[in-house]
Amino acid sequence: MMADDTVVFSKSDLPILAYPAIADIRRQGLLCDVTLKAADQKFSAHRIILAATIPYFHAMFTHNMVEMKQTEITMESVEPSALEALINFAYSGNVMIDVTNVQSLLIVASFLNMSDVKDACCNFLIERLESSSVLSVRAFADQYLCSSVVEAANKFIQNNFKQVVATPDFLKLAKTEVVDILSRDELNVGTEEQVFEAALNWIQHKDCRIAALPDLLVNVRLPLLTPQYLTDKVATEDIIKNSLQCRDLLDEARNYHLMPERRLLMQTFKTRPRCCTDAPGFIYAVGGLTISGDSLSTVERYDPITGKWQAGEPMSTMRSRVGVTVFKDCLYAIGGYNGMERLDTVEVYEPVCKKWRKVAPMNCKRSALGAVSLNDRIIVCGGYDGVTSLRSCETYDPSSDTWSLLHPMNKHRSAAGVAILHGEVVSCGGHDGLSIFDSVEAYNPSRGEWRQLPAMKNRRCRLGVATLKGKLYAVGGYDGRVFLRTVERYDPDTETWEMVAPMKKMRSRVAVAAAHGKLFAIGGYDGQLNLKSIEVYNPSLNEWSDGQDMSAHEGGVGVGVVPMECLSEALNLVSL
């Protein structure tokens, strides 16, 4: 027969059809050649199926082990129901995971080296983390080397610190575990008081823990507490008064407040504000431009979890190139341009009453300014007053509703990117009306002066800047020749800038926010059009993806992130 007369018949669905038939044969007890015994239960199966689908049995039946010829094999310390579910999985490829069996399935899947099932159990646990159980889930995951669950649980604990420390499980933790939690930079706390009170509650739960107080208190950032709280609460605790080490820590914090001229020499991790960028927050897009370039009073809110925009309450004033920051869960819109003049006016949005109200105006009119919140103050930097680029800076005290001038920047900077990094205000790039800068400077509030940081790799004005996971990102902008889609990142530990993945689109006048562990580049201008699109940067993957377009803006917005937890609490207060 000629080779050309050869035909290969293929039935691609044969395995799919065969496995149900094999499972049916097993249900009838036919052709089974091995029995697995767990506790007082026995399960019949076929060696070839177990060896083909479960790595543990593949090693047992193909490497001349004694069990290779045994008709009954005892599985020591294996949960019978979990073993049965995984034997059925070997025949069907399906296993039902629920809250009652996930841990036993994970344990037995780990024992049998069934990595796919173990990963499915890990994902099940990660997707259902709750404040009431996250500590016990983390302990379980750590015992069985489920690193993905441990990492997710640690992030959940950081993001939901207030709720987690209120659970009974927190009071049962070992000292080393409590120290590990309290020492984290990215704890999502409104004030350091919450950290102190969590430490105190754990200590007071058992008398034998008093000796551990200095080890816990050294991880509470006492200098970040107000002088009033240090005096009225910390200093009045008997267990602190009776500890020489604790009194020394308290004195250190008091000196930080009493001697501001020496704060530069007292900088440690204790004076660095905590900054949680993994916690979910609503991103507010404030003011901005219409497609024709007119200023807007419009506000909309983006949920990074659902990826949806929702209309918010409009401001009383139209503002583009507006400075936006969040202070104590309230959204501040500062200065900007209303289509006719630069503004010195300021208004604040309070989620509790869902209304904007005006507060004291700045000393200077400013658009294209930078605005941040630091140490119970709001700080604004540079901008444009309608005549010239500014180097002046101001600080706002919400408790007294007053603005005062700060030490000016080294350069006149309009359209710079401004953010907080390790307790300092960092101003990147911008222009003075003649030159566009690659230079960067940082303001230390303890010293009251600006200092130079390493320059960016590119000149940039109209850029967006945000801090994520302890690093500073400079996004997009304009270099005097082209509109940029490049992105660079500053590492304060190495004091170096490095390029990361570029955005998909060129964006100047881009607003950048950090939320839910990612960066959001919102709106901008590509050289031809104002943009309503957004892009999302995942630092783990070093890649940008498209987000949902804004529904009411065409670029030029200011952005601020309000924690979801705080907004939910505010809304609950309203409903009460």
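Everything that follows concerns the structure shown earlier in this document.
Residues numbered from 1 in each chain as written. Predicted model: local features only at pLDDT ≥ 70, side-chain atom pairs only at ≥ 80, totals over all residues. Heavy atoms only, no water.

## Re the environment of Val380
Then step 1. Positionally, Val380 belongs in strand 12 (residues 377–381).
Then step 2. Assessed through its relative accessible area of 0%, Val380 is described here as buried.
Then step 3. Residues Val380 and Thr325 lie 55 residues apart in sequence; the distance between their C-alpha atoms is 9.5 Å.
Then step 4. With residues up to four places along the chain from it excluded, the contact list for Val380 reads Ile334, Met362, Arg366, Leu369, Gly370, Ala371, Ser392, Cys393, Glu394 and Trp403. (Helix = DSSP H or I, 4+ residues; strand = E, 2+ residues; numbered from the N terminus. Buried < 20%, exposed > 50% of the residue type's maximum accessible area, 1.4 Å probe, protein only. Contact = heavy atoms within 4.5 Å.)

## Regarding the pattern of salt bridges
Then step 1. Using the criterion set out here, one finds 26 salt bridges in the structure.
Then step 2. The salt bridge involving Asp546 is made with Lys504; its shortest N-O contact spans 3.4 Å. On the criterion of sequence distance, the pair formed by Asp546 in strand 26 (residues 543–546) and Lys504 in the loop between strand 22 (496–500) and strand 23 (511–515) is long-range, its members being 42 residues apart. (Salt bridge = Lys/Arg side-chain N within 4 Å of Asp/Glu carboxyl O.)

## Thoughts on the sheet that holds strand 15 (residues 417–421)
Then step 1. Strand order in this open sheet of four strands is 15-16-17-18, and the pairing throughout is antiparallel. Sheet topology places strand 15 and strand 18 (449–453) at the edges, where each strand pairs with a single neighbour. Here the strands of the sheet are splayed against their neighbours by 25 degrees on average, with no regard to which way each runs.
Then step 2. Bridging between strand 17 (residues 440–444) and strand 18 involves five bridges; their strand directions are antiparallel. Residue Ala442 lies in a different strand from strand 18, and its bridge partner there is Arg451. (Pairing = 2+ DSSP bridges. Axes fitted to C-alpha atoms, helices over the stretch in contact; angles between N-to-C directions.)

## Points about helix 14 (residues 227–234)
An α-helix turns once per 3.6 residues; consequently, residues spaced three or four apart project the same way.
Then step 1. All of the buried residues along helix 14 are Tyr229, Leu230 and Val234. With its buried residues spanning 100 degrees around the axis, helix 14 presents them on a single face. Of the residues in helix 14, the exposed ones pointing more than 90 degrees away from the buried face are Gln228 and Asp232. (Arc of directions from axis to C-beta.)

## Observations concerning the packing of aromatic side chains
Then step 1. Taken as a whole and judged by the stated rule, the model has 18 aromatic pairs.
Then step 2. Ring centres 6.4 Å apart and planes at 80 degrees place the aromatic pair Phe327 and Tyr332 in the edge-to-face group.
Then step 3. By relative accessible area, Phe327 is classed as buried at 10%.
Then step 4. Using a relative accessible area of 5% as the deciding quantity, one classes Tyr332 as buried.
Then step 5. Residues Tyr478 and Phe483 carry aromatic rings whose centres are separated by 4.7 Å and whose planes lie at 35 degrees to one another, so their mutual orientation is tilted.
Then step 6. For Tyr478, a relative accessible area of 19% translates into the label buried. (Phe/Tyr/Trp six-rings, centres within 6.5 Å; stacked < 30°, edge-to-face > 60°.)

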